[in-house]
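These are the residues of each chain, in order.
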Amino acid sequence: DQLLRSLAEQENIRGIAKRDVENARQFAVTSFAKSLLDTSDNLTRAMDAVPEELRKDTENHPVLATLYEGIQMTDDGLTKALAKNKLSKFGAAGDKFDPNLHEALFEY
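The following paragraphs examine the structure supplied in this document. (Residues numbered from 1 in each chain as written. Predicted model: local features only at pLDDT ≥ 70, side-chain atom pairs only at ≥ 80, totals over all residues. Heavy atoms only, no water.)

1. Digging into the side chain of Asp-57
Stated formally: The way it works is that DSSP assigns letters per residue, a run of H or I at least four long becomes a helix, a run of E at least two long becomes a strand, and they are numbered from the N terminus. A 1.4 Å probe rolled over the protein chains alone gives each residue an accessible area, and that area as a share of the maximum for its type sets the label: buried under 20%, exposed over 50%, partly exposed in between. When charges are counted, neither His nor the chain ends are considered; positive counts come from Lys and Arg and negative counts from Asp and Glu. Salt bridges are defined by distance alone: a side-chain nitrogen of Lys or Arg within 4 Å of a carboxyl oxygen of Asp or Glu. Pairs of N or O atoms are called polar contacts if they sit within 3.5 Å, as long as, within protein, a hydrogen donor faces a hydrogen acceptor (for residues adjacent in sequence, only side-chain-to-side-chain pairs). Contacts were defined at the residue level, with two residues in contact if any of their heavy atoms lie within 4.5 Å.
Mapped onto the secondary structure, Asp-57 falls in the loop between helix H1 (2–49) and helix H2 (62–84). Within the buried core, Asp-57 has no salt-bridge partner, and the shortest N-O distance to an opposite charge, that of Arg-55, equals 12 Å. At 3.1 Å, the side chain of Asp-57 forms a polar contact with the backbone nitrogen of Asn-60. Residues contacting Asp-57, with those up to four places away along its chain left out, are Pro-62 and Ala-65.

Next comes the structure, spelled out in structure tokens:
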């Protein structure tokens, strides 16, 4: 009886340790992804700051057009990296909040 209890206790400890390791890994990935979302938002703001007519004007504003292209490539790369980890952008600014679709956190 004592041996069976010891074996069951060891199995429980292994299961708890495995679950704790998985939770810690998931928390690290979530925190990292969350910090990258801020970066993605900033890249989008930087692209939005360039007027439409100057984005492809390599003749009169080559530096600005090249800078815009580089920011866009960086944002695309980041979006692909996030997508590989099952994270994607959805919705647009000003969309109505749908509690059945969205998750919201209040941070301060």
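From this point, things continue past the structure.
2. Describing the nonpolar core
Keep this limit in mind: Take the buried residues of types Ala, Val, Leu, Ile, Met, Phe, Trp, Tyr and Cys, join any two whose side-chain atoms come within 4.5 Å, and each joined set is a nonpolar core.
If you look at the biggest cluster of nonpolar residues, it comprises seven residues: Leu-43, Met-47, Val-50, Tyr-68, Ile-71, Leu-78 and Leu-82. Secondary-structure elements contributing two or more residues to this core are H1 and H2. With four residues, H2 is the largest single contributor of residues to this core. The residues touching Val-50, leaving out its near neighbours within four places in the chain, are Arg-55, Leu-64 and Tyr-68.

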